[in-house]
Amino acid sequence: MTTSRPLTVLMSFPRPRATTNPYIVQLHDALTGLPDVQVLSFSYRAAFTRRIDLFHAHWPESLISGRSRPKDAVRQALYLLLLARLALTRSPIVRTLHNIGLPTGLSRTQRLLLRLTERRTRAVIVLNPLTPVRPGLPVARIAHGHYRDWFAPFPRPATVPGRITYAGWVRRYKGVDDLVAAFVATEDADLSLRVCGHPSSVELGTGLQSLAAADPRVGLCLRHLDDGELVAELAAAELVVLPYRFMHNSGASLAALSVGTPVLVPDNPVNRLLAAEVGAGWVHLFDDTLTPQTLTSTLAAVRAAPPGAAPDLSARSWEGAGDAHRRLYRVALGRPAQPGGEP
């Protein structure tokens, strides 16, 4: 394989749109800014007709799930053909491990395809030092970048005293119903709750509406927010609460911190590291079940000891992220080291 032409990387995400996660957009921009890397946004036309050096997978489960059984079957057949083509052309897979283990609720076929993806993976990227990695695989730790620059153009309203906010995709494992149930059990009339984000199912959205119906302090905005709306909701909050039943990496935490709003998140080793990294008063932790007392006591703690002017997100700059990805791509491809000894 010649090294004179650009390294061609097929990403597992399509061309960024207005609703695309800013993490993906910023990564895309960081990579396209490199003169010797060509980024292909995902499409099966590109996957089957373009020369590909490697495939970079983020959430491969999204490529094998449709909205009906026929669409599932088509997507899974195409993905199996993609894996076959990558094997025939000896194009390695690089994975960014956003989560631990396989998602829940998968069919046997989906689990098989993801296991095949794992077997074909030749290098991995982790976002924190506690993500388990299969022994023997090359690994690079590239921290999830902040959103400060991305959010900078948008105006920020004044903080609303007593405002507690959840903002982000509303999925079952994120425990948003636990947050609403805990909040409606509080008795302080000066508190308010905002829940903003698109539910993953009609049933989940209906359940949240039922929980909130009797409490006028609860406001629901069950739809996708554009970036300006998201910044406004996060900035208006005195506390952002992310009541996940399981959390390993959270872009939502970094979004709130990038706006300068403290967060309440589950107590686990990853979030303890984040709390130590960003400085005192920015990341608050709760054990096991979120309770009304947890909400009120955390809000009291934020008021009693306000955090500093801004959280320390210096370790999460996007500067150098593209180059760090390129170095791992070269490792996965078995390419020689660049001058200076870097792979």
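Please read all numbers here as calculations on a predicted model, not as lab measurements.

About the criteria used
- Residues numbered from 1 in each chain as written.
- Predicted model: local features only at pLDDT ≥ 70, side-chain atom pairs only at ≥ 80, totals over all residues.
- Heavy atoms only, no water.
- Core = buried A, V, L, I, M, F, W, Y, C linked by side-chain atoms within 4.5 Å.
- Buried < 20%, exposed > 50% of the residue type's maximum accessible area, 1.4 Å probe, protein only.
- Helix = DSSP H or I, 4+ residues; strand = E, 2+ residues; numbered from the N terminus.
- Expected span 1.5 Å × (residues − 1).
- Arc of directions from axis to C-beta.
- Contact = heavy atoms within 4.5 Å.
- Pairing = 2+ DSSP bridges.
- Axes fitted to C-alpha atoms, helices over the stretch in contact; angles between N-to-C directions.
- Right-handed = clockwise from strand over helix to strand, strands pointing away.

### Some words on the nonpolar core
Inference 1: Judged by nonpolar contacts, the single largest core of 77 residues is most densely connected at Val-283 and Leu-295.
Inference 2: One finds Leu-10, Ala-47, Leu-63 and Ile-64 within the second-largest nonpolar core, a separate group that totals 20 residues.

### Concerning helix α4 (residues 108-120)
Inference 1: A rise of 1.5 Å per residue sets the reference length of α4, with its 13 residues, at 18 Å; its end C-alpha atoms lie 19 Å apart and thus fit the reference within 8%.
Inference 2: Listed in full, the buried residues belonging to α4 are Gln-110, Leu-113, Leu-114, Thr-117 and Arg-120. Projected down its long axis, α4 carries its buried residues within an arc of 120 degrees, all on one side. Facing away from the buried side of α4, by more than 90 degrees, are the exposed residues Arg-108 and Arg-119.
Inference 3: Elements in contact with the buried residues of α4: α3 (69-88), β4 (93-97) and β5 (121-126).

### Looking at the sheet that holds strand β7 (residues 163-167)
Inference 1: Taken in spatial order, the six strands make up an open sheet running β9-β8-β7-β10-β11-β12, and their pairing is parallel. Both outer strands of the open sheet, β9 (218-221) and β12 (283-286), are each paired with one neighbouring strand and no more. Taken over all neighbouring pairs, the strand axes of this sheet differ in orientation by 25 degrees on average, direction set aside.
Inference 2: In the sheet, strand β11 (residues 263-266) pairs with β12 via four bridges, with the strands oriented parallel. Pairing of Val-265 across the sheet is with Leu-285, part of β12.
Inference 3: In the packing of helix α6 (residues 176-184) onto the sheet, the strands contacted are β7, β8 (192-196), β9 and β10 (239-241), and the crossing angle to β8 comes to about 165 degrees.
Inference 4: Packing against the sheet, helix α10 (residues 269-278) makes contact with β11 and β12, and its axis sits at approximately 155 degrees to β12.

### Observations concerning the sheet that holds β4
Inference 1: Read across the sheet, six strands follow the order β2-β1-β3-β4-β5-β6 without closing on themselves; strand pairing throughout is parallel. Across the chains shown, the open sheet's two edge strands, defined by having one partner strand only, are β2 (37-40) and β6 (139-141). Between one strand axis and the next, the sheet turns by 25 degrees as a mean value, whatever way the strands run.
Inference 2: Taken together, the three bridges between β5 and β6 define a ladder with parallel strand orientation. When the bridges of β6 are listed, Ile-125 appears paired with Ala-140.
Inference 3: Against the sheet, helix α1 (residues 22-32) touches β1 (7-11), β2 and β4, its axis set at about 145 degrees to β2.
Inference 4: Across the sheet, α3 is in contact with β1, β3 (54-57) and β4; its angle to β3 comes to roughly 135 degrees.

### Digging into the pairing of β5
Inference 1: Counting buried positions along β5 yields five of six residues, so the element is predominantly enclosed.
Inference 2: For β4 and β5, the ladder comprises five bridges, and the chain directions are parallel. Across the sheet, Thr-96 pairs through a bridge with Ile-125, a residue of β5.
Inference 3: Regarding topology, α4 serves as the crossover connection from β4 to the parallel β5, and that connection is right-handed.

### Some remarks on the pairing of β2
Inference 1: Here four bridges tie β1 to β2, and the two strands are oriented parallel to one another. Counterpart to Leu-10 in the pairing with β2 is Leu-40.
Inference 2: A crossover links β1 with its parallel partner β2, the connecting element being α1, and its sense is right-handed.

### Notes on the environment of Val-180
Inference 1: Within the secondary structure, Val-180 sits in helix α6.
Inference 2: A sequence separation of 14 residues divides Val-180 from Tyr-166, and the C-alpha atoms of the two residues are 9.6 Å apart.
Inference 3: If we skip the residues at most four places from it in the chain, Val-180 touches Leu-193, Val-195, Leu-208, Leu-211 and Ala-212.

### Side note on helix α11 (residues 292-304)
Inference 1: The terminal C-alpha atoms of α11, which comprises 13 residues, lie 18 Å apart, in line with the 18 Å expected from a rise of 1.5 Å per residue.
Inference 2: Where α11 is buried, its residues meet β7, α6, β10, β11 and β12.

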